[in-house]
Amino acid sequence: MTNAQIPSYSGVTINISNPTVNASAPYQTACQPQVQVQPQPQPQPQETLPQAYPPSYYMNNYNYQQNGTDKPEAPIAPADNSQEKEEDMSSSTDIINDLDAQNAKQKELEENGKQTRIVTLTDEYIMSLENYLNNQNTDIRLMAAKEILTRLDEDKSRFDDAALNALLNKMLQDPQKIIRTAALSALSSGLASGNDYTVQLLNNIQQNPNSDKEDVVEAANILLKMSADTEVKYTPQQVEEQKAE
């Protein structure tokens, strides 16, 4: 007997092999085949990975079709930073103008100003002055006091120099009247501005009954000047009147 193959359904293949005839059943002429069912592997559908970008990205064509209509992408307008750039430019322009003004002022001083040589206030020099004021010898302390007055007088911009004003405060506490007088003179003449500690020392001189009477009067004079505010005011020079005279 030839092998008969039953058509496969739903992906299952049925193979018939070694049919056996049942002799005890005379009315059954059909064979009882041994059926082996083997699963048929179903074809796996190919998965297509979605593209991360539209097709036009790979063709440099940005007018790709969306929902059957061509929709061009709107170009991204550049940010308007004109105002910010103008602010930045104005800031740099102000700085440049200030630098030019300072440079012009320095050149004018070098060309028309009077050249003077002054002593540089280095840390070593300030420490030497302080050590001199701590010396037991009055003449050495007086030497330091004269140096301090000279440094203040040779450069008027040292009016509020912190180091020199601190040395003046030390001179105000000197046991010798001549050293105190040097400090009081520097403050009363406007060579030095003094500071908060200077005000405290001057008040102590006024309130101390053992203070020298001249020191008390000079301290009061200085405190009065320090309490007044000052301002710089420019007045026109009477050139023509001076020539006439």
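Worth saying up front: this structure is predicted, and the values here are computed from it rather than measured. (Residues numbered from 1 in each chain as written. Predicted model: local features only at pLDDT ≥ 70, side-chain atom pairs only at ≥ 80, totals over all residues. Heavy atoms only, no water.)

1. With respect to the overall build of the protein
Within the protein, the regular secondary structure consists of nine helices and five strands. Along its sequence from the N terminus, the protein presents helices and strands in the succession β-β-β-α-β-β-α-α-α-α-α-α-α-α. The buried share of the protein, taken over its 245 residues, is 18%. For the protein, long-range pairs separated by at least 24 residues make up 49% of all intrachain contacts whose partners lie at least 6 apart in sequence. For the protein, the accessible surface area stands at approximately 20,000 Å², while carbon and sulfur atoms represent 50% of it. (Helix = DSSP H or I, 4+ residues; strand = E, 2+ residues; numbered from the N terminus. Buried < 20%, exposed > 50% of the residue type's maximum accessible area, 1.4 Å probe, protein only. Contact = heavy atoms within 4.5 Å. Areas by Shrake-Rupley, 256 points an atom, 1.4 Å probe, with all protein chains shown as cover.)

2. Some details on the pattern of salt bridges
The tally for this structure, following the rule as stated, stands at ten salt bridges. Note that Lys177 and Glu214 form a salt bridge whose closest N and O atoms lie 3.2 Å from each other. Taken together, the positions of Lys177 in helix 6 (residues 177–188) and Glu214 in helix 8 (residues 213–227) put the pair 37 residues apart, joining distant regions of the chain. Note on Lys177: relative accessible area 28%, which makes it partly exposed. The shortest N-O distance in the salt bridge between Asp215 and Arg180 comes to 2.8 Å. Here Asp215 is found in helix 8, whereas its partner Arg180 is found in helix 6, with 35 residues between them in sequence. For the pair formed by Asp215 and Arg180, the shared burial category is buried. The structure contains a network of salt bridges with shared partners spanning Glu147, Arg151, Glu154, Asp155 and Arg158. (Salt bridge = Lys/Arg side-chain N within 4 Å of Asp/Glu carboxyl O.)

3. Here we look at the nonpolar core
Nonpolar side chains in soluble globular proteins tend to be buried together. Ranked by size, the top nonpolar core spans 28 residues in total, and within it Ile148, Leu152, Leu167, Leu168, Met171, Leu172 and Leu202 carry the most contacts. For this core, the secondary-structure elements that each account for two or more residues are helix 3 (123–133), helix 4 (138–154), helix 5 (162–172), helix 6, helix 7 (196–207) and helix 8. Counting residues per element, this core draws most heavily on helix 6, at six residues. Excluding residues within four positions of it along the chain, Met171 makes contact with Leu133, Ala145, Ile148, Ile179, Arg180, Ala182 and Ala183. (Core = buried A, V, L, I, M, F, W, Y, C linked by side-chain atoms within 4.5 Å.)

4. Re helix 5
Along helix 5, the positions that sit buried rather than exposed are Leu164, Asn165, Leu167, Leu168, Asn169, Met171 and Leu172. Where helix 5 is buried, its residues contact helix 3, helix 4, helix 6 and helix 7. Capping the start of helix 5, Asp161 holds a side-chain oxygen 3.2 Å from the backbone nitrogen of Ala163, two or three residues further along. (Polar contact = N/O pair within 3.5 Å; in protein donor to acceptor, adjacent residues only side chain to side chain.)

5. Re helix 6
Compared with the 16 Å implied by 1.5 Å per residue over twelve residues, the 16 Å span of helix 6 between its first and last C-alpha is a close match. Lining the buried residues of helix 6 we find helix 4, helix 5, helix 7 and helix 8. After helix 6 finishes, the residue Gly190 shows a positive phi value of roughly 85°. (Expected span 1.5 Å × (residues − 1).)

6. With respect to the environment of Ser189
Secondary-structure assignment places Ser189 in the loop between helix 6 and helix 7. Residues Ser189 and Ile222, spaced 33 residues apart in sequence, show a C-alpha to C-alpha distance of 9.0 Å.

7. Remarks on the environment of Asp155
With respect to the helices, strands and loops of the structure, Asp155 is situated in the loop between helix 4 and helix 5. For Asp155, a relative accessible area of 22% corresponds to the partly exposed category. In sequence terms Asp155 and Val119 are 36 residues apart; their C-alpha atoms lie 9.3 Å from each other. Within the structure, the side chain of Asp155 is placed 2.7 Å from the side chain of Ser157, a separation counted as a polar contact.

8. Concerning the side chain of Asn169
Following the sequence through the fold, Asn169 ends up in helix 5. Side-chain polar atoms of Asn169 contact the side chain of Asn195, separated by 3.1 Å. Discounting chain neighbours no more than four positions away, the residues touching Asn169 are Asn195, Tyr197, Thr198 and Leu201.

9. Some thoughts on the confidence of the model for the protein
Chain-level pLDDT for the protein is 76 on average; 60% of the residues reach the 70-or-more range. Scored below 50 in pLDDT, residues 23–31 shows five contacts in the model against residues more than four places distant or in partner chains. (pLDDT = per-residue confidence, 0-100.)

10. Observations concerning the packing of helix 6 against helix 8
Where helix 6 meets helix 8, the axes come as close as 10 Å, and the angle between the chain directions of the two elements is 20°. As the angle between them shows, helix 6 and helix 8 are arranged roughly parallel. With respect to the hand of their crossing, helix 6 and helix 8 are arranged in left-handed fashion. Contacts between helix 6 and helix 8 involve Lys177, Arg180, Leu184, Leu187 and Ser188 on the former and, on the latter, Glu214, Asp215, Glu218, Asn221, Ile222 and Lys225. Here the residues of the contact of helix 6 with helix 8 are counted per class, giving three nonpolar, two polar and six charged. (Axes fitted to C-alpha atoms, helices over the stretch in contact; angles between N-to-C directions. Parallel < 35°, antiparallel > 145°, perpendicular 65-115°, else oblique. Left-handed = near helix turned anticlockwise from the far one by under 90°. Nonpolar A, V, L, I, M, F, W, Y, C, P; charged D, E, K, R; others polar.)

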